[in-house]
Every structure is written in structure tokens, then in C-alpha cells.
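Secondary and tertiary structure notes
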Amino acid sequence: TLANLGFDEAISYSFIDARRDETFELIAGLTDENAEEKFVALQDSIIEGAVRMRPTLLSGLLDAVRTNFNHQHRNVRLFELGKVFAATASEDSLPKEQELFALVATGSETYEGKAMPAREFDFYDAKGALEAAFDAVNLPALEYAAKDVKHLRKGQAAEILFRGKPVGTVGRLSDEIAQSYKFRQPVFVAEVDLQTLLAAGEQEVLYRPLSVYPS
């Protein structure tokens, strides 16, 4: 569904730079309040400086957006499915793993072969892509509520609710974070707890046979 909407799938590294530890607001319920450390660190990193197991998918997606910008690609739509990690206070000391879904949209929509001006993406493009993806797997409808989110611009951010519980966020990347990535155009991001949504199961499909006496 997202491919039909013009998105490309991204696959990012599971380990990132620790400098981004406090940049993003994490999915509700990911971290363990009883754990001494919030994040999972690598003792021997494969990439220099990438010593943190990612607690969010957004860091990798935004790095991909920056790479595209550096190659003069200004219109970017990406999504990613993957696990994030958090430290726990469990006896076996194994980290918590959670399956998330995230997307990013920036730039303008292009209309191939049509004499129409390009339309810039906005908040509702990201929200609409989320809804289209979850409608495709027949999940119950999500709800949205305005909220101040650490990594999103105030007034253009929303919390995503599922049956009254927070499962993610969607909105425009904050100006401070955009400047740190050297983005000069609006970037819209969303991140959702896919594992919780899929565990809820699909909606029941109601149907009835066609009438033997059509009108």
C-alpha cells in the first residue's frame, strides 16, 4: 500500500550514535522505569561511534533523508519496519525488543506526465499514509489528539491513540532537530508501536450474499 502511495522501504542499522539518546520522544511503555540504564550499549561497535542499540526508528530514517538531500533528491518518502531496544531490570538482563513502524515524508508530490504544479507534503500526508497502511491490514481505526512531543514542532504534532492508549506520534520535525540535520525544508515523521497494534487482531469483516431479486 505504501509503495503504491510513492513510498520506498528503508532498512537502517540497529545501532546508532549515542548523541541522539535524548533527541526523540520514545514510544510509550518501551523503557523500564526500574532499570538502571534506559538504553542498551554495545561493548564492541561495528561502526565507529555507533555504540547505542536504537530506541527509535526515526534516527535511521532521518539519516537516510539527509543522504538523499546530499545527492540532490529533495522529494523523499520512506517507511521502515524494525525492532527497537531498551534496557530492562529483568534477572536475565536481556534487553526489551519492540517491533515498530515509522515513516517520513518531505518535499513535494510530483505528477508524472501532467501539467500540474507540485504540491508540498504536509501533516495530513503523513497521517493519511498511516491510515492507509493500517486500513490495508484491516486494523481498527486509530485516534489522534493534539500533544506537545519532544521531537515535533508545537502546533503540528499529535499523539496516536489505539483504544484509548498511546501507541505513537505524528507531526512535523521540530526546527531545532531539523537544523541539527541541516534540513532546509519541512520534514514530517510518524512512529507507531506496530507490535501492539498487530496483537489486537483484525476487525471482523461483515458480509452478506447478493440478493436473488436485484432491484
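In this text the structure is predicted, and so the values were computed from the model without any measurement.

Focus: the pattern of salt bridges
Once their charged atoms are close, side chains differing in charge can pair, the charge on each being opposite to the other. Inspection of the entire model under this criterion finds 13 salt bridges. In this structure, Lys 83 engages Glu 97 in a salt bridge whose closest nitrogen and oxygen atoms are separated by 3.2 Å. A residue pair is termed long-range when its members are at least 10 positions apart, and Lys 83 in strand β5 (residues 76–86) and Glu 97 in strand β6 (residues 96–106) qualify at 14 residues. Exposure remark for Glu 97: the relative accessible area of 40% places this residue in the partly exposed category. Three or more residues joined by partner-sharing salt bridges are found here, namely Glu 22, Lys 38 and Lys 150.

Observations regarding the sheet that holds strand β1 (residues 8–9)
Consider a sheet: its strands pair through backbone hydrogen bonds, and that pairing is either parallel or antiparallel. One open sheet accounts for seven strands, arranged β1-β5-β6-β12-β11-β10-β9; its pairing is mixed. Since the sheet does not close on itself, it has two edges, and those belong to β1 and β9 (143–146), each with one partner. As paired strands, strand β11 (residues 165–173) and strand β12 (residues 187–192) are joined by five bridges and run antiparallel to one another. Following the sheet pairing, Arg 172 is matched in β12 by Phe 188.

Comments concerning the nonpolar core
Note that soluble globular proteins tend to have their nonpolar side chains buried in a common cluster. Counting 27 residues, the largest nonpolar core has Leu 62, Val 104 and Phe 183 as its most contacted members. Listing elements by their share of this core, those giving two or more residues are α1 (58–70), β5, β6, β10 (152–162), α3 (175–180) and β12. Considering each element in turn, this core owes the most residues, five residues, to α1. Apart from residues lying up to four places away in sequence, Leu 62 is in contact with Phe 24, Val 104, Leu 173, Tyr 181, Phe 183, Val 187 and Val 189.

Examining a nonpolar patch on the surface
Together, Tyr 13, Ile 46 and Ile 47 make up a nonpolar patch on the protein surface, roughly 350 Å² of accessible area in all. By secondary structure assignment, the location of Ile 46 is in the loop between β3 (40–41) and β4 (52–53). For Ile 46, a relative accessible area of 71% puts it in the exposed group.

Some words on the environment of Val 167
If you trace the backbone, Val 167 turns up in strand β11. For the pair Val 167 and Ala 102, spaced 65 residues apart in sequence, the C-alpha separation works out to 12 Å. Every residue in contact with Val 167, bar those within four places of it in the chain, is listed here: Ile 27, Ile 160, Leu 161, Phe 162, Glu 191, Val 192, Asp 193, Thr 196 and Leu 197.

A word on the packing of aromatic side chains
Evaluation of the coordinates by the stated rule reveals six aromatic pairs. The interplanar angle of 20 degrees and the centroid separation of 5.5 Å between the aromatic rings of Tyr 13 and Phe 15 together place this pair among those described as stacked. Residue class for Tyr 13 comes out exposed when judged on its relative accessible area of 55%. For the pair Phe 101 and Phe 134, a centre-to-centre distance of 5.7 Å together with 70 degrees between the ring planes defines the contact as edge-to-face. Separated by 33 residues along the polypeptide, Phe 101 in strand β6 and Phe 134 in helix α2 (residues 123–136) bring together distant segments of the chain. This pair shows no difference in class: Phe 101 is buried, exactly as Phe 134 is. Aromatic rings pair up to connect Phe 69, Tyr 181 and Phe 183 into one cluster.

Some points on the side chain of Asp 193
Considering the arrangement of structural elements, one finds Asp 193 in the loop between β12 and α4 (194–199). Here Asp 193 occupies a buried position and makes no salt bridge, while the nearest side chain of opposite charge, Lys 96, is found at 7.0 Å. Reaching out from Asp 193, the side chain makes a polar contact with the side chain of Thr 196 at a distance of 2.6 Å. Excluding residues that lie within four positions of it along the chain, Asp 193 makes contacts with Ile 27, Gln 98, Glu 99, Leu 100 and Val 167.

So, how was this worked out
Residues numbered from 1 in each chain as written. Predicted model: local features only at pLDDT ≥ 70, side-chain atom pairs only at ≥ 80, totals over all residues. Heavy atoms only, no water. Salt bridge = Lys/Arg side-chain N within 4 Å of Asp/Glu carboxyl O. Helix = DSSP H or I, 4+ residues; strand = E, 2+ residues; numbered from the N terminus. Buried < 20%, exposed > 50% of the residue type's maximum accessible area, 1.4 Å probe, protein only. Pairing = 2+ DSSP bridges. Core = buried A, V, L, I, M, F, W, Y, C linked by side-chain atoms within 4.5 Å. Contact = heavy atoms within 4.5 Å. Patch = residues over 30% accessible without salt bridge, like charges linked within 9 Å, V, L, I, M, F, W, Y side chains within 5 Å. Areas by Shrake-Rupley, 256 points an atom, 1.4 Å probe, with all protein chains shown as cover. Phe/Tyr/Trp six-rings, centres within 6.5 Å; stacked < 30°, edge-to-face > 60°. Lys, Arg positive; Asp, Glu negative; His and termini not counted. Polar contact = N/O pair within 3.5 Å; in protein donor to acceptor, adjacent residues only side chain to side chain.

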